[in-house]
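Structural overview for review
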Amino acid sequence: KFEKLNGKILSALNLAFLTYNFKYRLRTHNHEFWPDGIFSNFLTNKPKTPGRIFFLKLLKKLNNYNKTFQKYYVIGNLSKKSNNWLKKKLKEKYIHIDLPFGEVKKLINFIKKKNIVDKSFIIITLPTPKQELIGNYLLKKLPKCSIICIGGSINILSGEEKETPNLFYFLNLEWVWRLKFDTKRRVKRLIESIYLLYKILIYRKIDLF
């Protein structure tokens, strides 16, 4: 129920979140998760759900929701193709806040200048950990809003980025397929995630629950 999501951030529970949570403490008591990735199997007894599938289900529920949020926002990357797709799928009108390239501090300073109202539904389309760090900032400022950190899922759903073949997904290698897109950033993040995972295993610290 969306009432339970007021004042909450929805994020995918995957390797990127686990490792960057160790570095930045992304998770607050306001976080809720859906399992997305092989590493979530070690922490939940639920089958993994790709972000694109989770987001489609959420959109259907959102369109049937009998109470409206004050406003709807998409913060982050949204190509023309993805924007057209979302307009067809989401009944409510939304405001897209495109962000400049830069570190989290620069993005937050940019967002501060925008008049985002509370009790809104906010979709963030940035990579982890940027989207969670910005989500945490927004929730402190707007404690009654609902936030979903969906990353690049809209790009996949719109056809902007090709969907992972079933074989890669079955073998838990969808991350390998996605390295084809935005390769430099994703390879860099993967290397850092592996390093952080090593530190987590050394210190035996998974600070999520």
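See the structure shown above.
Per chain, residues are indexed from 1 in the order of the written sequence. Where local features are concerned, this predicted model is filtered to residues with pLDDT of at least 70; where side-chain atom pairs are given and counted, the filter is 80 or more; whole-chain, interface and lining totals use all residues. Water and hydrogen atoms were dropped before computing side-chain values, which therefore reflect all heavy atoms in the structure.

1. Examining the overall build of the chain
- Under the scheme used here, helices are H or I runs from DSSP no shorter than 4 residues and strands are E runs no shorter than 2 residues, and both carry numbers assigned from the N terminus. Counting secondary structure elements, the chain contains nine helices and six strands.
- Rg of the C-alpha trace for the chain: 17 Å, near the compact-globule value of 17 Å for 209 residues, within the 12% margin.
- Its C-alpha atoms give the chain principal-axis dimensions of roughly 45 × 35 × 35 Å.
- For the chain, the accessible area works out to roughly 12,300 Å², and carbon and sulfur atoms hold 56% of it.
- Looking at charge distribution, the chain has the averaged site of its 42 positive side-chain charges lying 3 Å from that of its 15 negative ones. Between the two quantities, the radius of gyration covers C-alpha atoms and the globule rule is 2.2 Å times the number of residues to the power 0.38. Note on areas: Shrake-Rupley, 1.4 Å probe, and residue coverage restricted to the protein chains presented here. The charged-residue count follows a simple rule in which Lys and Arg add positive charge and Asp and Glu add negative charge, with His and chain termini not counted at all. Throughout, a charge is located at the NZ atom of Lys, the CZ atom of Arg, the CG atom of Asp or the CD atom of Glu.

2. Section: the pairing of strand 2 (residues 31-35)
- At least two DSSP bridges between two strands are needed for those strands to be called paired. In this sheet, strand 2 lies alongside strand 1 (residues 8-13) in parallel orientation, the contact comprising five bridges. Bridging across to strand 2, Ile9 finds its partner in His31.
- Handedness is read with the strands pointing away from the viewer; a crossover is right-handed when the path from the first strand over the helix to the second is clockwise. One crossover worth recording links strand 1 to the parallel strand 2 by way of helix 1 (residues 15-24), and it is right-handed.

3. Examining the environment of Tyr198
- Structurally, the position occupied by Tyr198 is in helix 9 (residues 183-203).
- Taking relative accessible area as the criterion, Tyr198 reaches 52% and is therefore assigned exposed.
- Expressed as a C-alpha distance, the spacing of Tyr198 and Thr19, which sit 179 residues apart in the sequence, is 9.2 Å. Between buried and exposed lies partly exposed: a residue is buried under 20% and exposed over 50% of the maximum accessible area for its type, with that area taken using a 1.4 Å probe on protein chains only.

4. Concerning a nonpolar patch on the surface
- Patch members must show over 30% relative accessible area and no salt bridge, and they are joined within 9 Å when carrying like charges or within 5 Å when they are nonpolar side chains of Val, Leu, Ile, Met, Phe, Trp or Tyr. In what follows, salt bridge is the name for a side-chain nitrogen of Lys or Arg lying within 4 Å of a carboxyl oxygen of Asp or Glu. A cluster of nonpolar side chains, contributed by Leu167, Phe170, Leu171, Leu173, Trp175 and Val176, occupies part of the molecular surface with about 610 Å² of accessible area.
- Elements represented by at least two residues in the nonpolar patch include exactly helix 7 (166-170) and helix 8 (174-178).
- As for its placement among the helices and strands, Phe170 is situated in helix 7.
- Residue Phe170 is classed as exposed on the basis of its relative accessible area, which comes to 67%.

5. Comments concerning the nonpolar core
- Only buried residues count toward a nonpolar core, which is a set of Ala, Val, Leu, Ile, Met, Phe, Trp, Tyr and Cys residues joined through side-chain atoms within 4.5 Å. Judged by nonpolar contacts, the single largest core of 23 residues is most densely connected at Phe55, Leu86, Phe121, Ile123, Ile148 and Ile154.
- Of all the secondary structure elements, the ones that give two or more residues to this core are strand 1, helix 2 (51-63), strand 3 (72-76), helix 3 (80-89), strand 5 (121-125) and helix 6 (153-158).
- Element by element, the count of residues in this core is highest for helix 2, at four residues.
- Any two residues having at least one pair of non-hydrogen atoms within 4.5 Å are treated as being in contact. For Phe55, the contacting residues outside a window of four places in its chain are Trp85, Leu86, Ile123, Ile148, Ile150, Ile154 and Leu157.
- Core analysis: the next-biggest nonpolar cluster, separate from the first, contains 21 residues, Ile75, Leu99, Tyr137 and Leu139 among them.

6. Details of the pattern of salt bridges
- Summed over the entire model, instances satisfying the criterion amount to seven salt bridges.
- Arg186 is the salt-bridge partner of Glu161, the closest N and O atoms lying 3.7 Å from each other. Here Glu161 is found in the loop between helix 6 and helix 7, whereas its partner Arg186 is found in helix 9, with 25 residues between them in sequence.
- Look at Arg186 and you get buried, because its relative accessible area is 12%.
- In the salt-bridge network here, residues are joined through shared partners; they are Glu161, Arg178 and Arg186.

7. Observations regarding the sheet that holds strand 4 (residues 95-97)
- The six strands lie next to each other as 2-1-6-5-3-4, forming an open sheet whose pairing is parallel. Single-partner strands in this sheet number two, and they are strand 2 and strand 4. In this sheet, neighbouring strand axes are inclined to one another by 20° on average, regardless of whether the strands run parallel or antiparallel.
- Bridge analysis of strand 3 against strand 5 gives five bridges, and the strand direction is parallel. Considered in strand 5, the bridge of Ile75 is made with Ile124. Angles run from 0 to 180 degrees between N-to-C directions of axes, and those axes are lines fitted to C-alpha atoms, restricted for helices to the stretch in contact.

8. Topic: unusual backbone geometry
- In the segment running from Thr128 into Pro129, the intervening peptide bond is cis, with an omega of 10°.
- Mapped onto the elements of the fold, Pro129 is located in the loop between strand 5 and helix 5 (130-141).
- With phi around 55°, Asp182 is a residue other than glycine that occupies positive phi space.

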